[in-house]
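# Fold and contact review
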Amino acid sequence: MPFTRFSTILALVLANPAFAGSSLFQPKGFIQNDQGEQCWYHQKVVEGSHYFHDGVTANIGVLTFDDQSCMQASEFGQTVNKMMINNVISRWYSRGDANFKNRESELFPTSLLQKRGQCIQSKKYPATGIVVDYEESQESIVRVRHGMSAQGCKK
C-alpha cells in the first residue's frame, strides 16, 4: 500500500507540465553538432507517457532532427554531440542554477523506477535529474526522448 501511495503522488508530480519542463520545451530550434553545424529539430510533448517509468506516467519530449545525418558520429564518437544536446535539453528543466552534468562521461545509468535511457544529474539539486534516451540510425543521433526523473540519478 505505501508503494501505491508513493507511485500515485509521483505520477501527479511527474505529469505536472510545469514540473516536468514540458511547458518550456521548444517546438522548433537547432542544436550545434561537433562540427559547429546547426542541426534543426522539431519537438512534441507526449503526455502521460510510460516510456521511461513503469507504473507512473510523465510528460516527455520527443526531439527529432530534421536532417537525420546531422548528428553524425565523428572521431570522438557521439561524445560532443550528446553534450551539445544535453546542454540544450537541460535548460528546460529545473532552475537556471541547477548546473547539470551534461558530459557523456558524467551520465548515470539510471534513476528511481527508470527502465531505459540514461540520467543527467543536477550538481546543485540532488533530487533533480533528467532521463534521456538517444535513438541512433547509421551512426547518427536521429531522435532524443527526455523527461524528468523520479528522483536524482543513481549508479
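Everything below is about the structure shown above.
Described in the following lines is the structure provided in the data block. Every value quoted in this text rests on a predicted model; they were computed, and no experiment measured them.

### Considering the side chain of Asn-81
Considering the arrangement of structural elements, one finds Asn-81 in helix α3 (residues 79–90). Of the polar contacts made by the side chain of Asn-81, one reaches the backbone oxygen of Gln-72; its length is 3.1 Å.

### Thoughts on the sheet that holds strand β6 (residues 129–137)
Read from one edge of the open sheet, six strands run β1-β2-β3-β7-β6-β5, paired in antiparallel fashion. Every other strand in the sheet has two partners, leaving β1 (28–32) and β5 (118–121) as the edge strands with one partner each. Each adjacent strand pair in this sheet contributes to an overall mean axis angle of 35°, direction not counted. As defined by bridge partners, strand β3 (residues 58–65) adjoins strand β7 (residues 140–148) across five bridges and the pair is classed as antiparallel. Following the sheet pairing, Leu-63 is matched in β7 by Val-144. Across the face of the sheet, α3 comes into contact with β1, β2 (38–49), β3, β5, β6 and β7 while running at roughly 135° to β6.

### Remarks on the nonpolar core
Membership of the largest hydrophobic core comes to 23 residues, with the highest contact counts inside it found for Ile-31, Phe-65, Ile-85, Trp-92, Tyr-93 and Val-144. Going through the elements one at a time, β2, β3, α3, β6 and β7 are the ones with two or more residues in this core. In this structure, Tyr-51, Phe-52, Val-62 and Val-131 belong to the second largest nonpolar core, which totals five residues.

### Notes on the packing of aromatic side chains
Tallied over the full model, the rule gives five aromatic pairs. Plain terms: the ring middles of Phe-25 and Trp-92 are 5.7 Å apart, the flat faces sit at 50° to each other, and that makes the pair tilted. Highlighted residues: Phe-25 in the loop between α2 (17–20) and β1 and Trp-92 in the loop between α3 and β4 (110–111), separated in sequence by 67 residues. The class for Trp-92 is buried, based on a relative accessible area of 7%.

The rules behind the values
Residues numbered from 1 in each chain as written. Predicted model: local features only at pLDDT ≥ 70, side-chain atom pairs only at ≥ 80, totals over all residues. Heavy atoms only, no water. Helix = DSSP H or I, 4+ residues; strand = E, 2+ residues; numbered from the N terminus. Polar contact = N/O pair within 3.5 Å; in protein donor to acceptor, adjacent residues only side chain to side chain. Pairing = 2+ DSSP bridges. Axes fitted to C-alpha atoms, helices over the stretch in contact; angles between N-to-C directions. Contact = heavy atoms within 4.5 Å. Core = buried A, V, L, I, M, F, W, Y, C linked by side-chain atoms within 4.5 Å. Buried < 20%, exposed > 50% of the residue type's maximum accessible area, 1.4 Å probe, protein only. Phe/Tyr/Trp six-rings, centres within 6.5 Å; stacked < 30°, edge-to-face > 60°.

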